[in-house]
Amino acid sequence: MSHDHSELGEMDLRVRALETVLTQKGYIDPAALDLLIDTYQTKIGPRNGARVVARAWSDPAFAEGLERDATAAIASLGFSGRQGEHMVALFNTPERHNLVVCTLCSCYPWPVLGLPPTWYKSAPYRSRAVKDPRGVLADFGVTLPESTEIRVWDSTAEVRYLVIPMRPAGTGGLSEDQLAELVTRDSMIGCGQPKEPVA
Ligand code: FE
């Protein structure tokens, strides 16, 4: 999906100006800001969500709890906090594939996925995900049978979604750690599939 990185948008300019002023006045330490961003990008990243999915794949009781109360089930693995206060888990099935978008802005479940990728915040994704979800999936290289319904979920300030992809075939003998390795960020947004296990 194309996205122009050459020009800073209005919001980026404002953020940058604000950061400069706050730094000059000594209110913030740019290194601390970088650390905060790095934390959400690498430490609190999609690996957390992958743990949730892998547990759901290997523990039916956990999966049941996740379906009933995703916020509590996810918190039981130690993942909670800002932008994850009201989580809903969407389980993909052969009959229904779930795709998550925020049509208004960029709402995203930070505690399990980290910061949203640039394309998630882009206008084309936000509008097309609703109008042409099958086309968006094709852009991501995902082709589903015509018989599979695609349900699009619009995030709000209140509710954040985590897609639980279907467990890939041929993974019966894998440990939870090995399963987590197969779970991609995109598969938890609904615009990708988990990786296939290496034979
Ligand atoms: Fe939003």
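Residues numbered from 1 in each chain as written. Predicted model: local features only at pLDDT ≥ 70, side-chain atom pairs only at ≥ 80, totals over all residues. Heavy atoms only, no water.

### Focus: the packing of aromatic side chains
What counts here: Aromatic pairing here means that ring centres of Phe, Tyr or Trp (its six-membered ring) are within 6.5 Å. Orientation follows from the plane angle: under 30 degrees is stacked, over 60 is edge-to-face, and everything else is tilted. For every residue, the accessible area obtained with a 1.4 Å probe (protein chains only) is divided by the maximum for its type, and the residue is called buried under 20%, exposed over 50%, and partly exposed between those limits. In our convention, an over-ring charge means Lys NZ or Arg CZ found within 6 Å of a ring centre and within 35 degrees of that ring's normal.
Inspection of the entire model under this criterion finds 6 aromatic pairs. Seen in terms of ring centroids, W153 and Y161 are 5.3 Å apart; in terms of plane orientation they differ by 50 degrees. Their pairing is tilted. Residue W153 is classed as partly exposed on the basis of its relative accessible area, which comes to 21%. Residue classification places Y161 among the buried positions, given a relative accessible area of 12%. What links up through ring pairs into an aromatic cluster is the set Y108, W119, Y120, Y125 and F140. Between R55 and the ring centre of F62, over which it is positioned, the NZ or CZ distance is 5.9 Å.

### A closer look at the coordination of the iron ion
Tetrahedral coordination by four donors sets the ideal angle at the metal to 109.5 degrees; octahedral coordination by six donors sets it to 90 or 180 degrees. Operational definition: Distances up to 2.8 Å from the metal define which N, O and S atoms are donors, and 3.2 Å serves for Na, K and Ca; water is absent from the atom set, so sites may look incomplete.
Protein coordination at the iron ion comes from C102 (SG), C105 (SG), S106 (N), C107 (N) and C107 (SG), with a distance range of 2.1 to 2.8 Å. For the iron ion, all donor residues lie on one chain, and their spacing in sequence is C-x2-C-S-C.

### Let's talk about the pairing of strand β2 (residues 96–101)
One face of the sheet, then the other: side chains in a regular strand alternate in exactly this way. Note the cut-off: Runs of E in the DSSP output that reach at least two residues are strands. Runs of H or I that reach at least four are helices, and both are numbered from the N terminus. Two strands make a pair as long as DSSP finds a minimum of two bridges between them.
Counting buried positions along β2 yields 5 of 6 residues, so the element is predominantly enclosed. As paired strands, β2 and strand β3 (residues 149–154) are joined by 6 bridges and run parallel to one another. Residue pairing across strands places V100 opposite W153, the latter belonging to β3.

### Observations regarding the domain arrangement of the chain
Rules: Source of the domain bounds: an automatic or database domain assignment.
When cut into domains, the chain gives domain 1 (11–42) and domain 2 (44–189). Using C-alpha coordinates to define each centre, domain 1 is positioned 29 Å away from domain 2.

### Observations concerning the pairing of strand β4 (residues 160–164)
Of all 5 residues in β4, 5 are buried; the element is thus mostly enclosed. Burial along β4 is two-sided: the residues R160, L162 and I164 and Y161 and V163 are all buried. Here strand β1 (residues 87–91) pairs with β4 via 5 bridges, running parallel. By the bridge assignment, M87 is partnered in β4 with R160.

### A short note on helix α1 (residues 10–24)
Three- or four-residue spacings in an α-helix give side chains the same orientation, since the helix completes a turn every 3.6 residues. Operational definition: Helices are assigned an expected span. That span is 1.5 Å times one less than the residue count.
Between its first and last C-alpha, α1 extends 21 Å over 15 residues, near the 21 Å set by a 1.5 Å rise per residue. The positive-phi residue at the C-terminal boundary of α1 is G26, with phi of around 80 degrees.

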